[in-house]
Amino acid sequence: MYRLYTRPGSGGFVVEAALALAGAPFDQVDVPKKDPPDQAFLEISPLNQVPVLTLPDGRSITESAAICILLAERHPEAGLAPAAGSPARADFLRWMAFMSSVLYPAGLRFYYAHRYTAAPDGVEAVKQAALAEMDRGFAILDKALAGRDWLVGDRLSLADVYLIMLAAWHPEIGKVAAAWPDIERLWARLRDHDLIRKLNAAHAMW
C-alpha cells in the first residue's frame, strides 16, 4: 500500500487526486510544520517538504510532479496521463516539467521569500520577481490551452489538476480570471468535478 505524507494546502493535493483517480488505496500521514523538523521525516524528505510518497516496496519519492508521472506509469488503466508513445505524452511531460520548474518554485519564492535573500531589505524584491515569473508562466500555459478542453490530449490528465492547483496558489487570485481566461475556463470545469470538489473541502485551496 502507498503512504502519502502531506498537509492541507500543499502539493499533496495533486498526489491525492492521482491516487484517488487511480483507485489506489493509501495511508495518509499529515506532517505538521515543525522547527526543528522531525528527524525521521528528514530521512525520506531531506528538504523537509511535502508531499512524499512511500511506495509499497518501502522506497520513498519526493517532488509532486515526479510522483504524478510515476503514478501515471504504474496505473495506466486510470488514464492519469496520455499513453506512453502517444503524441500527447510528449506534451504531458513537457508541461509537467515546465510547471514544476517554473511555476512551483516561483510560488515558493513568493511565499517564503526570506529563504531566498540574505539582504535585510531584499524580501520584497524577491517577491516581486517571483510574481513576475508566475505571471509569465501562466500566460504561456493560457496560450497553450486556447481552443482546447484540456492541457494535453483529449481528456482530463494530472497536468490539468497540477495547473489548477498552482493557479489556486496565485497571490492575486482575481488576476487568474481576468488575465488568463482559458486557465479560468479549465479551473471552472474542475471546480465542478466531484473528486476535485471533495479534495478542496479538505485543502481549502479556493
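Okay, so let's go over this structure. (Residues numbered from 1 in each chain as written. Predicted model: local features only at pLDDT ≥ 70, side-chain atom pairs only at ≥ 80, totals over all residues. Heavy atoms only, no water.)

### Some remarks on the sheet that holds strand E4 (residues 60-62)
So, point 1. A sheet is described by the order of its strands in space; here four strands give the open sequence E2-E1-E3-E4, paired in mixed fashion. Taken across any chain shown, the strands that pair with only one partner, and hence form the sheet edges, are strand E2 (26-30) and E4. Averaged over all pairs of adjacent strands, the angle between strand axes in this sheet comes to 20°, irrespective of strand direction.
So, point 2. Running over the sheet, helix H1 (residues 12-22) touches strand E1 (2-6), E2 and strand E3 (52-54) and is turned about 155° from E1. (Pairing = 2+ DSSP bridges. Helix = DSSP H or I, 4+ residues; strand = E, 2+ residues; numbered from the N terminus. Axes fitted to C-alpha atoms, helices over the stretch in contact; angles between N-to-C directions. Contact = heavy atoms within 4.5 Å.)

### Some points on the layout of surface pockets
So, point 1. Roughly 900 Å³ of volume is contained in the largest pocket.
So, point 2. Around the largest pocket sit 33 residues that line it, and Gln 49, Val 50, Tyr 104, Leu 108 and Tyr 112 are the ones nearest its centre.
So, point 3. The set of elements that each furnish at least two residues to the lining of the largest pocket consists of helix H3 (64-74), helix H4 (87-111) and helix H6 (158-168).
So, point 4. If you tally residues by element for the lining of the largest pocket, the top one is H4, at six residues.
So, point 5. Residue composition of the lining of the largest pocket, grouped by class: 16 nonpolar, 11 polar and six charged. (1 Å grid on protein atoms, 1.4 Å probe; cavity = no way out; pocket = protein on both sides within 12 Å on 5 of 7 lines; lining within 4 Å. Points joined across faces, edges and corners; volume = space filled by probe spheres on them. Nonpolar A, V, L, I, M, F, W, Y, C, P; charged D, E, K, R; others polar.)

### Examining the packing of aromatic side chains
So, point 1. In the structure shown here, the tally under the stated rule is eight aromatic pairs.
So, point 2. Judged by centre distance (5.9 Å) and plane angle (50°), the rings of Tyr 5 and Phe 41 are tilted. One end of the pair, Tyr 5, is in strand E1; the other, Phe 41, is in helix H2 (residues 39-44), and 36 residues separate them in sequence. Of the two residues, Tyr 5 and Phe 41, both sit in the buried class.
So, point 3. Between Phe 13 and Trp 206 the ring centres are 5.9 Å apart and the planes differ by 70°, which places this aromatic pair in the edge-to-face class. Taken together, the residues Phe 13 in helix H1 and Trp 206 in the segment after helix H9 (194-203) connect sequence positions 193 residues apart.
So, point 4. Put simply, the rings of Phe 13, Trp 187 and Trp 206 touch in pairs and so form one group of aromatic residues.
So, point 5. Positioned above the aromatic ring of Phe 110, the side-chain terminus of Lys 127 is 4.8 Å from the ring centre. (Phe/Tyr/Trp six-rings, centres within 6.5 Å; stacked < 30°, edge-to-face > 60°. Buried < 20%, exposed > 50% of the residue type's maximum accessible area, 1.4 Å probe, protein only. Lys NZ or Arg CZ within 6 Å of the ring centre and 35° of its normal.)

### Describing the packing of helix H5 (residues 123-145) against helix H8 (residues 181-191)
So, point 1. Close contact between H5 and H8 brings their axes to 7 Å; oriented N to C, the two are set at 70°. When the axes of H5 and H8 are compared, the pair comes out roughly perpendicular. Counting all contacts with H5, which are made through Phe 138, Leu 141, Asp 142 and Leu 145, the residues of H8 involved are Pro 181, Asp 182, Ile 183, Arg 185 and Leu 186.
So, point 2. Taken together, the residues of the contact of H5 with H8 break down into six nonpolar, no polar and three charged. (Parallel < 35°, antiparallel > 145°, perpendicular 65-115°, else oblique.)

### Digging into unusual backbone geometry
So, point 1. Cis geometry marks the peptide bond from Asp 35 to Pro 36, where omega comes out at 5°.
So, point 2. Turning to its location among the elements, Pro 36 is positioned in the loop between E2 and H2.
So, point 3. Each neighbour pair has its own omega, and for Val 50 with Pro 51 the value is 5°, a cis peptide bond.
So, point 4. As for its position among the elements, Pro 51 is in the loop between H2 and E3.
So, point 5. With phi around 50°, Ala 204 is a residue other than glycine that occupies positive phi space.
So, point 6. One can find Ala 204 in the segment after H9.

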